[in-house]
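# Examination of the molecular architecture
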Amino acid sequence: MPAAPPLTHEEAQREFAETLSGFTAGDKPEYADYSRCIHCGLCLNACPTYRLWHNEADSPRGRIRQMALIDQGRLEFSDAFVTHIDRCLDCRACETACPSGVEYGKLVELARAQIARNFERPRLSRFARRYVFERLLPNPRRIARVAQLVRLYQRSGLEALARTSGILRLFGLQQRAALLPRIDSEFFFSRLGQTFPAKGPRRARVAFFAGCVAQVTFTELNDATIRVLQANGCEVVVPANQFCCGALAAHAGVRNIARELARKNMAAFLAEPFDAIITNAAGYGSTLKEYPHLFSENPADSGRHSNSVDGNGASAATAAEFSSRVRDVTEFLAELGLSAPLRETKLRVTYQDSCHLAHGQKIREAPRKLIRAVPGVELVEMPLADHCCGSAGIYNVTETAASMHLLAEKMQHAKSTAAPVIVTANPGCILQLRAGAKLHKTGQQVLHVVELLARAI
Ligand code: SF4
Ligand code: SF4
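Below is a summary of the structure that appears in this document. Model, not experiment: these values are computed from the prediction.

This part takes up the overall build of the chain. In terms of helices and strands, the chain carries 27 helices and 9 strands. Counting over 457 residues, the chain shows a buried share of 54%. When the accessible area of the chain is evaluated, it comes to approximately 19,800 Å², of which 55% is carbon and sulfur surface.

In structure tokens form, the structure reads like this:
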């Protein structure tokens, strides 16, 4: 790989300023993108926040209008603007409904980056965002340490005490506490750097993207994903130097961190010519597939060190190459075809579309095809399966009331199918739906598509 040319003095200064401030000069909604909105309003009824509050300012059309006014200097950054943008789930149901091809997800992430630079949030919020996006998520060791502390809280009896003593209720934390994921006994980090051979003749060689928090909360799911891939003739490599995909940072507008993580992941996964880069999380998948968005609007990134992923020079072309290899595990297996024999599993299930799979990646049929492939499984569609469950990254923590509203609606629809199992394709949705099953006492179990397959293999 050719060595990257040294930075000029101006470039180095700009990069230093960007690193300090957490944004880059190019990060704002662009006219070419927001002007595609023709104000038709066809997205309004697809939007969960519009359906909740019936307020134009909390609809996709209203938010795009506000972004345009800000860009044209006709609207100030204010509490009201920030609240309307914060309240958006980034579920992208509006993109599916839009006849004009508005890339709303891209717009809202850029608006959040613009807010990060122009609006001072309360001190506690600033501190929490800095800690989570800049210090915790990019650092696997820190994630492991925090997870160990949470596990101690969960297993020592402190959690049960907090629940029964009423202290959570006193501080209004009861619902948030119900969303806290169970920390695994063994973390997936120990699998990094390992290769898992294909069972039978090798049909593909793939790299597995394991996630960040998922490595301390979804070890079993990650193991099941590898087992299902192996059973279907895939050799699975888990690259050692992988990091958080940057989805949460990108969604929150902390794009310098998302870029830094993207560069590291591109270097780790492009080091070998894998047939595919596999993820079992719809949220990671849509960010990994959209890495080019992180670089394309920033000429300083895309032009300086063409095709290089070392140092600061990741290019849009490299991001495009990386993204073209990313596959959701359901998409990949449906394309490859299941070769592992599946035993009969008598079960009635319903499927919840994850927003970032259905709306972000336009994948709806692949998971359903895999579910139907299991002999004995009956798939019953729930009403409005592609409406957001309210999980949306950390939305259920930051906008708990709205999230709980959407969850209640979702559980009602899931319950109406009388299916004892809800299947989905995203760890965030799994956590939210499990909390929903408990809170609404539906008694339903929640599984990932690959967990259903793993049971049948
Ligand atoms: S991303 Fe979801 S919540 Fe946000 S405007 Fe679009 S439909 Fe509404
Ligand atoms: S459907 Fe598309 S073009 Fe119509 S108002 Fe919504 S975002 Fe704008």
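So much for the structure itself; the text now carries on.
What surrounds ligand 1 is a group of 13 residues, the closest being Cys47, Cys88, Cys91, Arg92 and Cys94. At the level of secondary structure, the elements contributing two or more residues to the shell around ligand 1 comprise helix H3 (48–53), helix H4 (60–71) and helix H6 (93–97). In terms of residue class, the shell around ligand 1 is made up of 9 nonpolar, 1 polar and 3 charged.

On strand E8 (residues 421–424), burial covers both faces: Val421 and Val423 on one face and Ile422 and Thr424 on the other are all buried. Of the pairings in the sheet, the one linking strand E6 (residues 347–351) to E8 comprises 3 bridges and is parallel in character. Considered in E8, the bridge of Thr350 is made with Ile422. In this sheet, strand E9 (residues 445–448) lies alongside E8 in parallel orientation, the contact comprising 4 bridges. Bridge pairing in E9 places Thr424 opposite His448.

Using the criterion set out here, one finds 30 salt bridges in the structure. With a shortest N-O distance of 3.4 Å, Asp33 and Lys106 are connected by a salt bridge. Residue Asp33 is found in helix H2 (residues 31–34), and its partner Lys106 is found in helix H7 (residues 104–118); the two are separated by 73 residues along the sequence. Neither residue differs from the other here; Asp33 and Lys106 are each classed as buried.

The next point concerns the sheet that holds E6. Spatially, the 4 strands line up as an open sheet ordered E7-E6-E8-E9, and their pairing is parallel. Looking at the sheet topology across the chains shown, the edges are occupied by strand E7 (377–379) and E9. Averaged over all adjacent pairs, the angle separating strand axes in this sheet is 35°, with direction ignored.

Close to ligand 2 lie 13 residues, the nearest being Cys37, Cys40, Gly41, Cys43 and Cys98. If you map ligand 2 onto the pockets, it falls in the largest cavity. In terms of residue class, the shell around ligand 2 is built from 9 nonpolar, 3 polar and 1 charged.

What counts, and at which threshold
- Residues numbered from 1 in each chain as written.
- Chains lettered and ligands numbered in written order.
- Predicted model: local features only at pLDDT ≥ 70, side-chain atom pairs only at ≥ 80, totals over all residues.
- Heavy atoms only, no water.
- Helix = DSSP H or I, 4+ residues; strand = E, 2+ residues; numbered from the N terminus.
- Buried < 20%, exposed > 50% of the residue type's maximum accessible area, 1.4 Å probe, protein only.
- Areas by Shrake-Rupley, 256 points an atom, 1.4 Å probe, with all protein chains shown as cover.
- Near = heavy atom within 4 Å.
- Nonpolar A, V, L, I, M, F, W, Y, C, P; charged D, E, K, R; others polar.
- Pairing = 2+ DSSP bridges.
- Salt bridge = Lys/Arg side-chain N within 4 Å of Asp/Glu carboxyl O.
- Axes fitted to C-alpha atoms, helices over the stretch in contact; angles between N-to-C directions.
- 1 Å grid on protein atoms, 1.4 Å probe; cavity = no way out; pocket = protein on both sides within 12 Å on 5 of 7 lines; lining within 4 Å.
- Sits in = over half its atoms within 2 Å of the grid points.

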